Amino acid sequence: MKIGFIGLGLMGRAMVDCLQDKGYDLVVLGNRDRTGVDKAVSRGATEAVSAREVAEASDVVMFCMGTSEQVESRVYGDDGVLAGSKPDQVVIDFGTSLPASTLKIGADLEAKGAVYLDAPLGRTPAHAIDGLLNIMCAGDKAAFDRVKPILDVLGENVFYLGKLGNGHTIKLINNYFAMTTAVGMSEAFATADAAGIDRQTLFEVMGAGPLRSGMMEFIRNYAVDGQIDLAFSIENAAKDVGYYRQMAQDLGLNSRMSDCANNALTEAKSTGDGGKMVPEMVDWMSKHLAAS
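These notes cover the structure that comes with them. (Residues numbered from 1 in each chain as written. Predicted model: local features only at pLDDT ≥ 70, side-chain atom pairs only at ≥ 80, totals over all residues. Heavy atoms only, no water.)

1. A word on the sheet that holds strand S8 (residues 133-137)
The strands that make up a sheet pair up through hydrogen bonds in the backbone, lying either parallel or antiparallel.
Step number 1: Read across the open sheet, the 3 strands follow the order S7-S8-S9; overall the sheet is mixed. Of all strands in the sheet, those with a lone pairing partner are strand S7 (121-122) and strand S9 (155-160), marking the two edges.
Step number 2: Inspection of the sheet shows S7 paired to S8 by 2 bridges, in the antiparallel sense. Its bridge partner being in S8, Leu-121 is matched across the sheet by Ile-135. (Pairing = 2+ DSSP bridges. Helix = DSSP H or I, 4+ residues; strand = E, 2+ residues; numbered from the N terminus.)

Have a look at this one:
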């Protein structure tokens, strides 16, 4: 199957590298940064001038973009994927998007005879290059089965999660919980600093019980060793927690537990620290935790 790939940022270009390594024929469309597009073209990919052209030339279209707004900008309009979509085409969103947007796009593509799958990702671009992503895919089962050989190239763990939107829903729940843990542990270290307690001592006590987790260790590794293992920006974390809160609202729910993470991440972003990585919330907490 010929693959169209839209969104060649750090993750997207790594995924394109992996697909090209396996011999897939690609049509690509980037945005401002041409690094990924130029590399893909140098390895045999064709560059499209619009999302519509990508859809017209491809059996499978893949999105790897940061927000639902960006996805919708490539789906709709005269030059969008929807305008160029065709029966039996499969369109896959690998980003972390709002389920309500996913369902809307899915219905509009279905009206053209195409199928939409949401397939958000876990792990990093380094994993993507080696085909070791975690892929949380949802939507039409027959379409999933058809593209699973491609997903298996990209992912070490490929999950089928049922109806369209389930992938993005689970991803947002996952990221809300992960970022709440990260922000909570960052504050714990800052509080320990204020009380004159050694950070590693705090971690050893907390980590000896059921609190211990990979996310907790990511924050510890920066707080104690200055090592960033979680290359995920505060800005992206704020976006994902915000999307989780919007999703909860769309479900008629009042999310209480996400308030604190949302407030802290949004405030950190407003102070100019959005481009820093989530483990660096330890520094932000140390600077801003004092009562005003």
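2. Observations concerning the pairing of strand S6 (residues 115-118)
Step number 1: Burial along S6 is two-sided: Val-115 and Leu-117 facing one way and Tyr-116 and Asp-118 facing the other are all buried.
Step number 2: In this structure, strand S5 (residues 90-93) lies alongside S6, joined through 4 bridges in parallel fashion. Paired with Val-90 across the strands is Val-115, a residue of S6.
Step number 3: Crossover handedness for the path S5 to helix H6 (residues 99-110) to S6: right-handed. (Buried < 20%, exposed > 50% of the residue type's maximum accessible area, 1.4 Å probe, protein only. Right-handed = clockwise from strand over helix to strand, strands pointing away.)

3. A look at the pairing of strand S1 (residues 3-6)
Step number 1: Of the two faces of S1, the one carrying Ile-3 and Phe-5 and the one carrying Gly-4 and Ile-6 are both buried.
Step number 2: Of the strand pairs in this sheet, S1 and strand S2 (residues 26-29) are connected by 4 bridges, and their pairing is parallel. The residue bridging Ile-3 from the neighbouring strand is Leu-26, located in S2.
Step number 3: A crossover connection joins S1 to the parallel S2 through helix H1 (residues 10-21); in handedness this β-α-β unit is right-handed.

4. Comments concerning H6
Step number 1: Helix length check: H6 (12 residues) gives 16 Å between terminal C-alpha atoms against 16 Å at 1.5 Å per residue, within 8%.
Step number 2: Among all positions in H6, only Pro-99, Ser-101, Thr-102, Ile-105, Gly-106 and Leu-109 are buried. On an axial view of H6, the arc spanned by its buried residues comes to 155 degrees, and they lie on one face.
Step number 3: Looking at the buried positions of H6, the neighbouring elements they touch are helix H4 (68-75), helix H5 (81-84), S5, S6, helix H9 (166-195) and helix H12 (234-250). (Expected span 1.5 Å × (residues − 1). Arc of directions from axis to C-beta. Contact = heavy atoms within 4.5 Å.)

5. So, the pattern of salt bridges
Step number 1: Going through the model one piece at a time under the given rule, you end up with 18 salt bridges.
Step number 2: Among the ionic pairs, Asp-33 bridges to Arg-13, the shortest N-O distance being 3.1 Å. Taken together, the residues span a long stretch of sequence, with Asp-33 in the loop between S2 and helix H2 (35-42) and Arg-13 in helix H1 at a distance of 20 residues.
Step number 3: Judged by relative accessible area, which is 42%, Asp-33 ranks as partly exposed.
Step number 4: Taking the shortest distance from any N to any O, the salt bridge between Asp-193 and Arg-199 comes out at 2.6 Å.
Step number 5: By sharing partners, the salt bridges in this structure join Asp-17, Asp-21, Lys-39 and Arg-43 into a single network. (Salt bridge = Lys/Arg side-chain N within 4 Å of Asp/Glu carboxyl O.)

6. Thoughts on the packing of H9 against helix H11 (residues 214-225)
Step number 1: At their nearest, the axes of H9 and H11 sit 9 Å apart, and the two run at 40 degrees to each other. With respect to the hand of their crossing, H9 and H11 are arranged in right-handed fashion. Facing Ala-178, Met-179, Thr-181, Ala-182, Met-185, Ser-186 and Phe-189 of H9, the residues of H11 in contact are Met-215, Met-216, Ile-219, Arg-220 and Ala-223.
Step number 2: Tallied by class, residues from the contact of H9 with H11 come to 9 nonpolar, 2 polar and 1 charged. (Axes fitted to C-alpha atoms, helices over the stretch in contact; angles between N-to-C directions. Left-handed = near helix turned anticlockwise from the far one by under 90°. Nonpolar A, V, L, I, M, F, W, Y, C, P; charged D, E, K, R; others polar.)

7. Some points on unusual backbone geometry
Step number 1: The backbone of Asp-88 sits at a positive phi, close to 75 degrees, despite the residue not being glycine.
Step number 2: Asp-88 sits in the exposed class, given a relative accessible area of 55%.
Step number 3: A positive phi angle, close to 90 degrees, is found at Arg-123, a residue other than glycine.
Step number 4: Position of Arg-123 among the secondary structure elements: in the loop between S7 and helix H7 (125-129).

8. Overview of the nonpolar core
Step number 1: With 36 residues, the main nonpolar core has Phe-5, Met-15, Met-62, Ile-92, Phe-94 and Ile-135 as its most contacted residues.
Step number 2: Looking at this core element by element, the count peaks at 7 residues for helix H8 (residues 141-154).
Step number 3: What Met-62 contacts, discounting residues up to four positions off in sequence, is Ile-3, Gly-4, Phe-5, Ile-6, Leu-19, Ile-92, Phe-94, Ile-150 and Leu-154.
Step number 4: Judged by nonpolar contacts, the second largest core, of 28 residues, contains Ala-190, Met-215, Ile-219 and Ile-234. (Core = buried A, V, L, I, M, F, W, Y, C linked by side-chain atoms within 4.5 Å.)

9. Overview of the sheet that holds strand S3 (residues 46-47)
Step number 1: Strands sit in the order S3-S2-S1-S4-S5-S6 across an open sheet of 6 strands; the sheet is parallel. Across the chains shown, the open sheet's two edge strands, defined by having one partner strand only, are S3 and S6.
Step number 2: Here H2 sits on the sheet in contact with S2 and S3, set at roughly 160 degrees to S2.

10. Quick word on the layout of surface pockets
Step number 1: When its volume is computed, the largest pocket comes out at roughly 1600 Å³.
Step number 2: In terms of lining, the largest pocket is formed by 48 residues, of which the most central are Met-11, Arg-123, Ala-231, Phe-232 and Asn-236.
Step number 3: Elements supplying a minimum of two residues to the lining of the largest pocket: H1, H4, S7, H7, S8, H9, H11 and H12.
Step number 4: Tallying contributions element by element places H9 first for the lining of the largest pocket, with 7 residues.
Step number 5: Residues of the lining of the largest pocket, tallied by class, amount to 19 nonpolar, 20 polar and 9 charged. (1 Å grid on protein atoms, 1.4 Å probe; cavity = no way out; pocket = protein on both sides within 12 Å on 5 of 7 lines; lining within 4 Å. Points joined across faces, edges and corners; volume = space filled by probe spheres on them.)

What is shown is where atoms sit, not what they do.
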